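Structural characterization, general
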Amino acid sequence: MLLAENPLPSSGEGIDNFAMRGRHSDASFMYKRGPSKDYINDFDREGSSARLLNGKDIGNPSWKRSLPHILVATISSFLYGYHLGVVNETLESISIGLGFSGDTFAEGLVVSTCLGGAFFGSLFSGWVSDGLGRRRAFQLCALPMIIGASLSATTNSLWGMLLGRLFVGTGMGLGPPVAALYVAEVSPTFIRGTYGSFTQIATCLGLLGALFIGLPAKEIVDWWRVCFWVSIVPAVLLALCMEFCAESPHWLLKRGRGAEAEAEFERLLGGLHVKSAMAELSRSERGDEVDTVKLSELLYGRYFKVVFIGSTLFALQQLSGINAIFYFSTTVFTSFGVPSDLANICVGLSNLFGSVVATMLMDKLGRKVLLLGSFSGMVVSMALQIMATSSFASGSGALYLSVGGMLLFVFTFSLGAGPVPGLLLSEILPGRIRAKAMAVCMAVHWVINFFVGLLFLPLLEQIGAGVLYSIFAAFCVLAVIFVKSNVLETKGKSLQEIEIALLPSE
């Protein structure tokens, strides 16, 4: 509980006037004119008395106020999942329609070109979100998705498809890091973990949506074009709805727009909680000027450790082989004689179920425990799939081991390795570097993702499934060791405690 340092206002003044004085014209004028540090000092002097009303704690703000803003932001995660899975059911019909059927390298390019675009999008996401604001960054990420989906839906050549996928990938690279920032910055503290998991659930729903919409692709000629047209609807919805959503108060205060930050806090938390939220934010953001962060500061020096932890977690997440399973599950299941439609739907449902379970366990077991359990479970799952490819398993035994191992792999991934890295980064990265450091870590994610998507099918043909799955299992073991040695448990710790534990003193 935050203690009051100043007395409450008189009854004639009113608690709403006291907590929301930024709405008054004279105060707003003063705050807009003054530098952000003066504004911060104002709140430091006043303390956090708005947390108390007649000597009693006013409790937590209503989660209903911020929920609509969170749901709009998660549309970007839905689009991310949709475009990851849209070529899964449709890749074969795309290759036939565009004349590159049987060319595994070209098929890999259709997947990996999107990931290459995502790398460039994520690399600049921090500078875009810090320069334009979180809302405008969301709208900007929707634009290339609309253009790219239109190009993919109308093209008659492989190169047109690759260009469309490149545009879509750029939007995909911008979206996830901005969503992680926005959700962390507009969510009430008591429900931030739950809201943070919404992005993973939205990604799962996007993957499932792509699977269901792609089901008629084998029976209906050019149905894959419809699959790309459909994705334009949520992209337009994201761009339009974000116009009515709140801007991040963190970003506004960094830009010296304190009165606007107050107004957005009122929309997100309610009038009674604005003063305490501003007091807490002003202390955590003291001196964090947005234009002082250089890329070199993230690559060495006092911030290197947290950036290294985040980048390594994302790299190990991709090297576990999860996206190879998502991209090419149809091909893998078909090789074992499993009906692809049923298998892919089961993969999507397993992913969704695991994400829902993770949402319930995130603040009970902790981030580190979920990561350790997740990667350990993925090792066991890969072992089952390796057994399925060996000479010891045949017929129905190989079938059950393959399908069971793959579904267990997806489920255990979604328990921790999927949702935790993004959430953990928003907690361990200091506010001063959060947007740009997130961009660097996500860029590492997309580089690894690109090469896994490009090389999976050729490696599957050349070295076989057993060896390839053994490599993925080895990376999962490495991930367990890394998490055990380097990841700090953030459950129940304040951001200040986490920063002190991870960052050396200057």
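In case you missed it, the structure is sitting above this.
Bear in mind the structure is a predicted one, so any value in this text is a computation, not a measurement.

**Things to note about the overall build of the protein chain**
Along its length, the protein chain carries 24 helices and two strands. Within the protein chain, the proportion of its 506 residues that are buried is 58%. Once local pairs closer than 6 in sequence are excluded, the contacts in the protein chain between residues at least 24 apart make up 83%. Carbon and sulfur atoms provide 66% of the accessible area of the protein chain, an area that totals close to 20000 Å².

**Topic: the packing of helix α10 (residues 223-230) against helix α11 (residues 232-241)**
Between α10 and α11, whose axes approach to 5 Å, the crossing angle comes to 10°. When the axes of α10 and α11 are compared, the pair comes out roughly parallel. Packed against α10, whose contacting residues are Phe228, Trp229 and Val230, the element α11 presents Ile232, Val233 and Pro234 at the interface. Per-class residue counts for the contact of α10 with α11 are six nonpolar, no polar and no charged.

**Some points on the packing of aromatic side chains**
Applying the stated criterion across every chain, the model contains nine aromatic pairs. A connected cluster of aromatic rings, assembled from ring pairs, spans Phe304, Phe308 and Phe482.

**Examining the environment of Gly464**
Within the secondary structure layout, Gly464 lies in the loop between α22 (434-463) and α23 (465-486). Gly464 sits in the partly exposed class, given a relative accessible area of 22%. For the pair Gly464 and Thr389, spaced 75 residues apart in sequence, the C-alpha separation works out to 8.7 Å.

**What to know about the nonpolar core**
In terms of nonpolar packing, the biggest core is built from 114 residues, with Met172 and Leu238 touching the most fellow members. Residue contributions to this core peak at 14 residues, all from helix α4 (residues 63-98). Membership of the second largest hydrophobic core comes to five residues, among which are Ile201, Cys204, Leu208 and Leu352.

Basis of the calculations
Residues numbered from 1 in each chain as written. Predicted model: local features only at pLDDT ≥ 70, side-chain atom pairs only at ≥ 80, totals over all residues. Heavy atoms only, no water. Helix = DSSP H or I, 4+ residues; strand = E, 2+ residues; numbered from the N terminus. Buried < 20%, exposed > 50% of the residue type's maximum accessible area, 1.4 Å probe, protein only. Contact = heavy atoms within 4.5 Å. Areas by Shrake-Rupley, 256 points an atom, 1.4 Å probe, with all protein chains shown as cover. Axes fitted to C-alpha atoms, helices over the stretch in contact; angles between N-to-C directions. Parallel < 35°, antiparallel > 145°, perpendicular 65-115°, else oblique. Nonpolar A, V, L, I, M, F, W, Y, C, P; charged D, E, K, R; others polar. Phe/Tyr/Trp six-rings, centres within 6.5 Å; stacked < 30°, edge-to-face > 60°. Core = buried A, V, L, I, M, F, W, Y, C linked by side-chain atoms within 4.5 Å.

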